[in-house]
Amino acid sequence: MTQFDLTDDQREIQDLARKFTADRITPNAGEWDEQHIFPRDTIKEAAELGFGAIYVSEESGGINLGRLEAALIMEAMAYGCPSTSAFISIHNMASWMIDRFGSAEVKGKYLPSLVTMDAIASYCLTEPGSGSDAAALKTRAVRDGDDYVVTGTKQFISGAGENDLYVTMVRTGEEGPKGISCLVIEKDMPGVSFGANERKLGWHSQPTRQVILEEVRVPVANRVGGEGEGFRIAMMGLDGGRLNIGACSLGGAQRCLDEAIGYTRDRKQFGTAVSDFQNTQFMLADMATDLEAARALLYLAAAKVTANAPDKTRFAAMAKRLATDTGSAVVDRALQLHGGYGYLMDYPIERFWRDLRVHSILEGTNQVMRMIVGRELTRQ
């Protein structure tokens, strides 16, 4: 990007994503949420625009964009539905991990269908007993000839049961991060099953289940990277994932700010438009200012991740923390400006309030983001 502004190409990408959202996501998102509909056809349409392989290399069939361009796409789609945008982000993260670290064999086997989203991928790190302490995972992969035999359970997996591939962190060696490797596990491999669909506060347009692995034989050829490299790969994936989930918060919050502006202009109390009250204008001004500040930091962090800057992880953590906290705060104030109507499902605000709440938990909690930043700042 040029300093403090987007390039013409980036604006074209943003406009393309906004148009797709206005045509295919926004009109349907309320129904997806209320009826718990997984919009696979719409997601596949997004892949036709390249949005299933945003930072997959051109050699592997992707569109090979940077992390800022990815954030622009996620922000635009979240304006219509944060849940669906976040789902596409997770698929992109898993596909990038295969493209970046996989062998020619594993890339050739899986990426053609991932690029088109004929196959969709999940990212499997969290377990029932290891959330923020991800390096303590217990899922075990034991080498047996040309296979690993994998046993364990993954928790809170977006797309579980619907998706075709599971990029899974497993323990192949010692305790701690150095004993973790990454495997691609197929939905139909014997021993793979799924828990019940979780009953969630939000993110109703995508299923969330446990992935249960019972002596699943996975070819060694399905390993992504070398043995013991899985945790490093997982954390590198999360740098981009944190940017994208922050971008989803920005897009959802921008939608709610726009809704609040429109509503307060139309709503009259005490004989005048609510937007004419100074209190309302102060609230809207703070919402817009906070949102722009969070957006500026996130775009900067995205540029750093693309450039592989030495402080990229710290900036990704800072941006994720600020964007998700700010996004939720802006949506909450937008709901307040709607009064009792904001609490009704007839208006979109409550859906965004529910969907954005989880963003400060996933891809690393915002408390962990503070830990990452604090440790880097105080490191000798």
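Described in the following lines is the structure provided in the data block. (Residues numbered from 1 in each chain as written. Predicted model: local features only at pLDDT ≥ 70, side-chain atom pairs only at ≥ 80, totals over all residues. Heavy atoms only, no water.)

With that settled, consider the overall build of the protein chain. Helix and strand counts for the protein chain come out as 10 helices and 10 strands. The globule rule puts the C-alpha radius of gyration for 380 residues at 21 Å, and the 21 Å found for the protein chain is close to it. On the principal axes, the C-alpha backbone points of the protein chain span a range of 80 × 50 × 40 Å. Across the 380 residues of the protein chain, 56% fall into the buried class. A fraction of 73% describes how many contacts in the protein chain between residues 6 or more apart in sequence connect residues 24 or more apart. Summing over all exposed atoms, the protein chain offers an accessible surface of approximately 16300 Å²; the carbon and sulfur share of this is 50%. (Helix = DSSP H or I, 4+ residues; strand = E, 2+ residues; numbered from the N terminus. Rg over C-alpha atoms; globule rule 2.2 N^0.38 Å. Buried < 20%, exposed > 50% of the residue type's maximum accessible area, 1.4 Å probe, protein only. Contact = heavy atoms within 4.5 Å. Areas by Shrake-Rupley, 256 points an atom, 1.4 Å probe, with all protein chains shown as cover.)

Time to look at the packing of aromatic side chains. Applying the stated criterion to the full structure yields 5 aromatic pairs. On the numbers, 5.0 Å between centres and 70° between planes, the contact of phenylalanine 38 with phenylalanine 87 is edge-to-face. Taken together, the residues phenylalanine 38 in the loop between helix H1 (8-35) and helix H2 (40-48) and phenylalanine 87 in helix H4 (residues 82-101) connect sequence positions 49 residues apart. Per residue, the accessibility class of phenylalanine 38 equals that of phenylalanine 87, and both read buried. Connected via pairs of aromatic rings, a cluster forms that spans Tyr263, Tyr341 and Tyr347. (Phe/Tyr/Trp six-rings, centres within 6.5 Å; stacked < 30°, edge-to-face > 60°.)

Turning our eyes to something else, we now look at unusual backbone geometry. Phi is positive for phenylalanine 156, close to 60°, though the residue is something other than glycine. For asparagine 308, which is not glycine, the phi dihedral falls at a positive 55°. Its relative accessible area of 52% is what places asparagine 308 among the exposed residues.

Attention shifts here to the packing of H1 against helix H3 (residues 67-78). Direction vectors running N to C along H1 and H3 enclose 25°, while the axes themselves pass 8 Å from each other. Classified by the angle their axes make, H1 and H3 are roughly parallel. The chirality of how H1 crosses H3 is right-handed. Facing Gln10, Ile13, Gln14, Ala17, Arg18, Phe20, Thr21 and Ile25 of H1, the residues of H3 in contact are Leu68, Glu69, Leu72, Ile73, Ala76 and Met77. (Axes fitted to C-alpha atoms, helices over the stretch in contact; angles between N-to-C directions. Parallel < 35°, antiparallel > 145°, perpendicular 65-115°, else oblique. Left-handed = near helix turned anticlockwise from the far one by under 90°.)

Nothing here speaks to function; it is geometry throughout.
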